[in-house]
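Coordinate analysis (summary)
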Amino acid sequence: MARSDIHVVMLPWSAFGHLIPFFQLSVALAKSGIKVSFISTPANIRRLPKVPSNLENLIDLVAFQLPALDEQQYSFPEGSEATVDIPSEKIQYLKIAYDLLEHPIKQFISDQRPDWILADAIPHWVVEISRDHQIPLIRFSVFSASALSFLCNPSFLTGDGQKRMRSCPETWTSPPEWYDFPSSLAYPSFLATGMHEGFYKRNASGISDAERVAKTIQGSKALAVRSCPEYEPEYFKVLEKIIGKPIIPVGLLLPEKPERRRITDKSWVEVFEWLDEQKPRSVVFVGFGSECKLSKEQVHEIANGLQLSELPFLWALRKPDWAPSDLDALPPGFSERSHGRGVVCFGWAPQLEILGHSSIGGSLFHSGWGSIIETLQFGHCLVVLPLVIDQPLNARLLVEKGLAVEIERKEDGSFSKEDVAKALRLAMVSDEGESVRVRAREAAQVFGNRDLQNSYIDNFVEYLMKNMELQSNGAINDS
């Protein structure tokens, strides 16, 4: 069977931390000659990167209109089709609308008859579509193997198993008993309660996230993971043990190397000219993305901590909802006090181009898995302030491996400017933090190794081809 004979449907959840890795995997598969249909909604597809011109005949971006909800209390602004567009408390209503895409997607799959479906955890109904049309399903996870192994043991996601092993938030604050090796993975108590309720509690969609995860794992032939064993070998092994199905690393899905000449916006040209004037590896890049909603107190402590650290910095800051204007987001007088030593840019930022600049030496961020990959490919040291979902687990593993410094926090999760400045100086300039800087540069040999990462795509393509042949010969049983 030729690679060009294989057709894969991609079905990501409507969050850009999911859409982008699914898109990157689509591009990687298309480069191998596989045809891909990428399904999402119009506004989400418009915000994706451009499909490379040489792959346009292999990647079909399929847009289905997000259904409107009848109930007024469920509604969100027109054009809001991803989690970044709406307040966190309304994400449960986005899941209701997303679930209503089941019928048009089922019809599309019935008409197209793809060879494989690669789906996220949220569209649990794809399991029935896969079974009814006898099209094999692979669950693709955008999380690391370590986070998956902590969160997604099928035996303890629902029912009596969940009540026994994860009955309360306190059970999240220590490594799980299915780890047969020393591990620091756990949630701090100030994040455990929200995570426990958000994962196990049934929301307005009528089904909990844990139930969605359990169903998609159970209905899949295999689990594809955006990671590589060179980074977290023991967690891949424990995943194989608890899932009981093939665990396939697809590599880190590195984005294309940035090109400086792409920067044409006048304000950003000036920022890069400022970066050109800074010493190599001296500047801290600060970025918490678009999904994390920082409070006024958090933004101000970060700002004052940057000032107290006396390090040069570049901060990409999205205007918080609580701030009337961009400048109102910062402490009074901050811009004047940091003039010349630091730059704050509001709105979208060319993050890869920034991270690739020679003056950047470290990054202060939320420890989201995608941002870890983007940063460590350049060998920058990491200062982490985890806030939601898998970020606390990612942060713990980074610190355990000596790749990051985590900002100290009080029992209620708060932190001070002194905590921020201490972590920044430890990671960036102190003798005590030299080992962190050395290990981060060494990590680039894995995170920036394109040949290694591409080899995992080759292996994944071989799996798709081999199992297509087995399936055509009737050798694959239904899950």
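This text follows the structure it describes.
All of these numbers come straight from a predicted model, not from anything done at the bench.

Thoughts on empty space enclosed by the protein
All chains considered together, the criterion is met by 3 cavities of 30 Å³ or more. Reported here for the largest cavity is a volume of approximately 40 Å³. Here the residues of the lining of the largest cavity sort into 6 nonpolar, 3 polar and no charged.

A word on helix α16 (residues 391-400)
Most of α16 is tucked away: 7 of the 10 residues are buried. Within α16, burial applies to Gln391, Pro392, Leu393, Asn394, Ala395, Leu397 and Leu398. Along its buried surface, α16 packs onto α6 (145-151), α8 (189-200), α10 (233-243), α15 (369-376), β12 (381-384) and β13 (404-406). Phi turns positive, to about 75°, at glycine 402, one or two residues after α16.

Here's the deal with the state of the cysteines
Here is the idea: a disulfide is a covalent bond, and it sits between the sulfur atoms of two cysteines. Across all of its chains, the model carries 0 disulfides by this definition. No disulfide involves cysteine 168; its nearest neighbouring cysteine sulfur is the one of cysteine 152, lying 19 Å away.

A look at the sheet that holds strand β6 (residues 222-225)
Spatially, 7 strands are ordered β3-β2-β1-β4-β5-β6-β7 in an open sheet, and the strand pairing comes out parallel. Only two strands of the sheet have a single neighbouring strand rather than two, namely β3 (59-63) and β7 (247-249). Looking at each pair of strands side by side, their axes are set apart by 25° on average, direction ignored.

Some thoughts on the sheet that holds β12
Taken in spatial order, the 6 strands line up as β10-β9-β8-β11-β12-β13 in an open sheet, and their pairing is parallel. Two strands bound the open sheet, and with one partner strand each, they are β10 (342-346) and β13. Each adjacent strand pair in this sheet contributes to an overall mean axis angle of 20°, direction not counted. Two strands pair when backbone bridges link them, and strand β11 (residues 360-365) and β12 are joined in this way by 4 bridges, in the parallel orientation. By the bridge assignment, serine 363 is partnered in β12 with leucine 382.

Description of the environment of histidine 357
Note on placement: histidine 357 falls in the loop between α14 (351-355) and β11. Take histidine 357: its relative accessible area is 9%, and that puts it in the buried class. Taking the C-alpha atoms as reference points, histidine 357 and leucine 275, 82 residues apart in sequence, are found 7.6 Å from one another. Within the local environment of histidine 357, its side chain forms a polar contact with the side chain of serine 359, the two groups lying 3.0 Å apart.

A word on the pattern of salt bridges
Taken as a whole and assessed by the stated rule, the structure comprises 10 salt bridges. With a shortest N-O distance of 2.6 Å, arginine 202 and glutamate 211 are connected by a salt bridge. Given the relative accessible area of 54%, arginine 202 is considered exposed. Residue arginine 437 pairs with glutamate 434 through a salt bridge whose shortest N-O separation is 3.0 Å. You can see arginine 437 and its partner glutamate 434 sitting in helix α18 (residues 434-447), 3 residues apart, about one turn around the helix.

Observations concerning unusual backbone geometry
Although it is not a glycine, arginine 113 sits at a positive phi angle of roughly 50°. Structurally, arginine 113 can be placed in the loop between α4 (102-112) and β4 (116-119). Of note, the phi angle at arginine 281 is positive, near 55°, even though the residue is not glycine. Here arginine 281 lies in the loop between α11 (266-276) and β8 (283-287).

Focus on the packing of α8 against helix α9 (residues 209-218)
One can describe the packing of α8 onto α9 by two numbers: an axis separation of 5 Å at closest approach and a directional angle of 60°. In terms of orientation, α8 and α9 fall into the oblique class. Facing Gly198, Phe199 and Tyr200 of α8, the residues of α9 in contact are Asp209, Ala210 and Val213. For the contact of α8 with α9, the residue count by class is 4 nonpolar, 1 polar and 1 charged.

Description of the packing of aromatic side chains
On inspection of all chains with the given rule, the structure shows 22 aromatic pairs. For the ring pair tryptophan 13 and tyrosine 98, a centre distance of 5.1 Å and an interplane angle of 85° mean the geometry is edge-to-face. Note that tryptophan 13 is positioned in the loop between β1 (7-11) and α1 (16-31) and tyrosine 98 in helix α3 (residues 91-99), a separation of 85 residues in sequence. You can call tryptophan 13 buried: its relative accessible area is 5%.

How each quantity is defined
- Residues numbered from 1 in each chain as written.
- Predicted model: local features only at pLDDT ≥ 70, side-chain atom pairs only at ≥ 80, totals over all residues.
- Heavy atoms only, no water.
- 1 Å grid on protein atoms, 1.4 Å probe; cavity = no way out; pocket = protein on both sides within 12 Å on 5 of 7 lines; lining within 4 Å.
- Points joined across faces, edges and corners; volume = space filled by probe spheres on them.
- Nonpolar A, V, L, I, M, F, W, Y, C, P; charged D, E, K, R; others polar.
- Buried < 20%, exposed > 50% of the residue type's maximum accessible area, 1.4 Å probe, protein only.
- Helix = DSSP H or I, 4+ residues; strand = E, 2+ residues; numbered from the N terminus.
- Contact = heavy atoms within 4.5 Å.
- Disulfide = S-S within 2.5 Å.
- Pairing = 2+ DSSP bridges.
- Axes fitted to C-alpha atoms, helices over the stretch in contact; angles between N-to-C directions.
- Polar contact = N/O pair within 3.5 Å; in protein donor to acceptor, adjacent residues only side chain to side chain.
- Salt bridge = Lys/Arg side-chain N within 4 Å of Asp/Glu carboxyl O.
- Parallel < 35°, antiparallel > 145°, perpendicular 65-115°, else oblique.
- Phe/Tyr/Trp six-rings, centres within 6.5 Å; stacked < 30°, edge-to-face > 60°.

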